[in-house]
Amino acid sequence: MGKEIQKVVILGGGTAGWMAAAVLSKSLTKLDITLVESDEIGTIGVGEATIPSLHFFNDLLGCNSSNFVKNTSGSFKLGIQFENWQKKDHSYFHAFGTTGFGMWAAGFHEYWSRGKTLGISKPFSDYNLEAKAAEMHKFAHDDKGLNFAYHIDASLYAKMLKQEAIKNGVTRVEGKVEKVNCQNDKGYISSLELQNGTVVTGDFFVDCSGFKGLLINETLKTPFVDLSHWLPMDSAITVQTELTEDPAPFTRSIAHHAGWQWRIPLQHRMGNGIVYSSQYMSDDEAEEILQSSVEGKSLTPTRKIKFKTGYREKLWNKNCVALGLASGFIEPLESTAIHIIQQGIMQLVKYFPTYGINDLEVAEYNDYMTNDYNEIKDFIILHYCQTEREDSDFWKFCKNMQIPSSLRRRMDLFQKTGRFVQNKNEIFVDSWLQVMIGQGLIPEQHHPLADELPEKELKEFLDNIENDINAKVNQLPSHAEYLKKIS
Ligand code: FAD
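In this text, all values refer to a predicted model and were calculated from it rather than measured experimentally.

### Considerations on the side chain of Thr241
Following the sequence through the fold, Thr241 ends up in strand 13 (residues 235-241). A polar atom in the side chain of Thr241 sits 2.9 Å from the side chain of Asn272. A polar side-chain atom of Thr241 sits 3.5 Å from the main-chain carbonyl oxygen of Glu295. Setting aside residues up to four positions removed in sequence, Thr241 forms contacts with Arg269, Met270, Asn272, Val294, Glu295, Gly296, Lys297, Ser298 and Leu299.

Encoded structure:
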């Protein structure tokens, strides 16, 4: 393009739009940033569970954990309890911390695995501090060494980000975009025309317009990489209910015969939703399952959401970067969407084209973001394909589907040898071990280093970790007490 980029226009005022506005205005202070949003269209209003990478984003905005939880009426999240996933009436915990500790070339799971063959290992999560604290509903975040994320009220989060962005000089324009104008030569976007006649011009556009992707899709016609043959979920129904008990420091994910249901506890209410595949479950049946299983009085009407799983082939196309639902979506099983938005913003800051758009930078951005989507895709598929469930057509499909070769390789390597390989920049590491083992994928072998310990010493090693964790957990306050204290 060769022209200095000064004027950035963000289309959309949901979580993605305001996250982008807050960080771009804070870090690239010379930019002139305008955000266009439409009250009439509104936002999706979900997206309430997060993963620990959000700490980095909050640090960037100078927001500490206590203030964050207070401002979002949130709670702390130590992980996710998966119920009925491996089989019915079975549950396991995916915690954010690491499990035990390994020694040199052998990971902890290899010692645990040998202990299991000797009959001296407890369940894998008994060696994880966060999982134990969650089980006992305990929590404290200062100097207690717990890895955690948050449950948040999405509307309060957007409000908080908006205040920050406006304080940093972002201009907010209210109105519905009716027409997008492009330059004739290269097809770059040049301006947005609003229903009320306002024209907003820009050098660079960030599409945060939600599922429809008004710029990246409807204007630039960027192809979509469809992942629904692996992840057939395409529908969700949500409802907010009153709390019937103290908020737990974890999300619950409860599998059904063709989908799953979430429970996300906040300080003032419970967020509930069911995610399902319309191929295997009707909307009416899903609504019935949701309504009959929520605890507490409904505070909102139920809301249906339809979605498509996949991502844009180019997440940065011409002078437009897509963030949030405009860029793509993988179902919320591991609460990764806000994380992907954050990654997109960080990479955009890294490669921001101040002196003109360079194809090499665009390619780097697209590679990075595509890898992120694909790693998350593999991790989510693992939850479905590694199961003993065959009690419905849906679970039969999941158990027998042909999975991506990258995932097949990882699972086979782990099952046959006990080895686990971490990819560069991968967000989930220990999580893979917890979910593989939790879903019943138990290694057939372990590293020879684990055989170096005589059985008695191995038992002591395992017992010491467990006792140390129990002692730490005993000293923690309850999550409910802790929330009261900081709020
Ligand atoms: P939206 O919230 O849809 O915002 C779009 C914005 O664009 C709005 O402001 C709208 O007014 C504006 N807009 C659109 N068209 C126009 C127009 N023509 N003119 C002007 N303005 C326009 N993520 C997580 O990290 N954790 C979770 O637990 C989680 N749960 C989810 C559950 C479900 C069922 C779904 C579907 C998603 C979930 N997500 C979750 C994803 C998360 O909700 C989104 O990533 C996040 O809310 C960002 O949405 P967004 O800002 O991209 O889109």
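### Some words on the pairing of strand 11 (residues 204-207)
On strand 11, burial covers both faces: Phe204 and Val206 on one face and Phe205 and Asp207 on the other are all buried. Pairing geometry for strand 1 (residues 7-11) and strand 11, over 4 bridges, is parallel. What sits directly across from Ile10, in strand 11, is Val206. When strand 11 meets strand 20 (residues 320-322), the two strands line up parallel, connected through 3 bridges. Bridge pairing in strand 20 places Asp207 opposite Ala322.

### So, the sheet that holds strand 15 (residues 259-265)
Pairing is mixed across the open sheet formed by 7 strands, whose spatial order is 5-4-14-15-16-13-17. Edge positions in the open sheet fall to strand 5 (91-95) and strand 17 (303-306), since each of these has one partner strand only. On average, each strand axis in the sheet is tilted by 20 degrees relative to the strand beside it, whichever way the strands run. Here strand 4 (residues 79-83) pairs with strand 5 via 5 bridges, running antiparallel. Each bridged residue has a counterpart across the sheet, and for Glu83 the counterpart in strand 5 is Ser91. Packing of helix 8 (residues 283-293) onto the sheet brings it into contact with strand 13, strand 14 (251-256), strand 15, strand 16 (270-276) and strand 17, and relative to strand 16 it is tilted by some 150 degrees.

### Some details on the pattern of salt bridges
Scanning the entire structure with this criterion turns up 25 salt bridges. Across the pair Arg269 and Asp153 runs a salt bridge, and its minimum N-O distance is 3.4 Å. Here Arg269 is found in the loop between strand 15 and strand 16, whereas its partner Asp153 is found in the loop between strand 6 (149-151) and helix 6 (154-167), with 116 residues between them in sequence. The pair formed by Arg269 and Asp153 is uniform in burial state, with each residue classed as buried. One salt-bridge network, in which partners are shared between bridges, spans Glu37, Asp39, Lys162 and Arg172.

### Regarding the sheet that holds strand 18 (residues 310-312)
The strand order 12-18-21 describes an open sheet built from 3 strands, whose pairing is antiparallel. Each edge of the open sheet is held by one strand with a lone partner, namely strand 12 (224-226) and strand 21 (328-329). Where strand 18 meets strand 21, 2 bridges bridge the pair, whose relative direction is antiparallel. When the sheet's bridge partners are listed, Gly310 is paired in strand 21 with Phe329. Where helix 10 (residues 359-385) meets the sheet, it contacts strand 18 and strand 21, and its direction lies at approximately 175 degrees from that of strand 18.

### Topic: the packing of aromatic side chains
Counted according to the given criterion, the structure contains 35 aromatic pairs. Ring geometry for Phe101 against Phe461: centres 5.6 Å apart, planes inclined by 85 degrees, an arrangement best described as edge-to-face. Here Phe101 is found in the loop between strand 5 and helix 4 (108-118), whereas its partner Phe461 is found in helix 14 (residues 455-475), with 360 residues between them in sequence. Judged by relative accessible area, which is 11%, Phe461 ranks as buried. A centroid spacing of 5.6 Å and a plane angle of 80 degrees characterise the contact between Phe204 and Trp316, whose relative ring orientation is edge-to-face. Taken together, the residues span a long stretch of sequence, with Phe204 in strand 11 and Trp316 in strand 19 (residues 316-317) at a distance of 112 residues. Grouping residues by exposure puts Phe204 and Trp316 together as buried. Three or more aromatic residues link up through ring pairs in this structure, and these residues are Phe82, Trp85, Tyr92, Tyr280, Tyr384, Phe394, Trp395 and Phe397. Here the guanidinium or amino end of Arg410 rests over the ring plane of Trp432, the centre of that ring lying 4.2 Å away.

### Here's the deal with helix 12 (residues 405-417)
Along its 13 residues, helix 12 runs 18 Å from first to last C-alpha, staying within 8% of the 18 Å computed at 1.5 Å per residue. Taken together, the buried positions of helix 12 are Leu407, Arg410, Met411 and Phe414. Looking straight down helix 12, one finds that the buried residues subtend no more than 90 degrees of arc, so they occupy a single side. Exposed residues pointing more than 90 degrees away from the buried face of helix 12 are listed as Ser405 and Arg409. Residue Gly418 follows helix 12 closely and has a positive phi angle near 85 degrees.

### Digging into the site of the ligand
Taken together, 35 residues are adjacent to the ligand, and Gly13, Ala49, Val177, Lys212 and Ile338 come closest. Between an oxygen atom of the ligand and a main-chain N or O atom of Ala16, the distance comes to 3.0 Å. Within the backbone of Ala49, one N or O atom sits 2.7 Å away from a nitrogen atom of the ligand. Compared with its free state, where it exposes 1,000 Å², the ligand has 97% of that area covered by protein.

### Brief notes about the layout of surface pockets
Of the volumes computed, that of the second largest pocket is approximately 280 Å³. If you go around the second largest pocket, you meet 17 residues; those closest to its centre are Trp112, Pro123, Phe124, Ile437 and Gly438. Secondary structure elements with two or more residues in the lining of the second largest pocket: strand 5, helix 4 and helix 13 (430-438). In the lining of the second largest pocket, the residues fall into 7 nonpolar, 9 polar and 1 charged.

Procedures and definitions
Residues numbered from 1 in each chain as written. Predicted model: local features only at pLDDT ≥ 70, side-chain atom pairs only at ≥ 80, totals over all residues. Heavy atoms only, no water. Helix = DSSP H or I, 4+ residues; strand = E, 2+ residues; numbered from the N terminus. Polar contact = N/O pair within 3.5 Å; in protein donor to acceptor, adjacent residues only side chain to side chain. Contact = heavy atoms within 4.5 Å. Buried < 20%, exposed > 50% of the residue type's maximum accessible area, 1.4 Å probe, protein only. Pairing = 2+ DSSP bridges. Axes fitted to C-alpha atoms, helices over the stretch in contact; angles between N-to-C directions. Salt bridge = Lys/Arg side-chain N within 4 Å of Asp/Glu carboxyl O. Phe/Tyr/Trp six-rings, centres within 6.5 Å; stacked < 30°, edge-to-face > 60°. Lys NZ or Arg CZ within 6 Å of the ring centre and 35° of its normal. Expected span 1.5 Å × (residues − 1). Arc of directions from axis to C-beta. Near = heavy atom within 4 Å. Areas by Shrake-Rupley, 256 points an atom, 1.4 Å probe, with all protein chains shown as cover. 1 Å grid on protein atoms, 1.4 Å probe; cavity = no way out; pocket = protein on both sides within 12 Å on 5 of 7 lines; lining within 4 Å. Points joined across faces, edges and corners; volume = space filled by probe spheres on them. Nonpolar A, V, L, I, M, F, W, Y, C, P; charged D, E, K, R; others polar.

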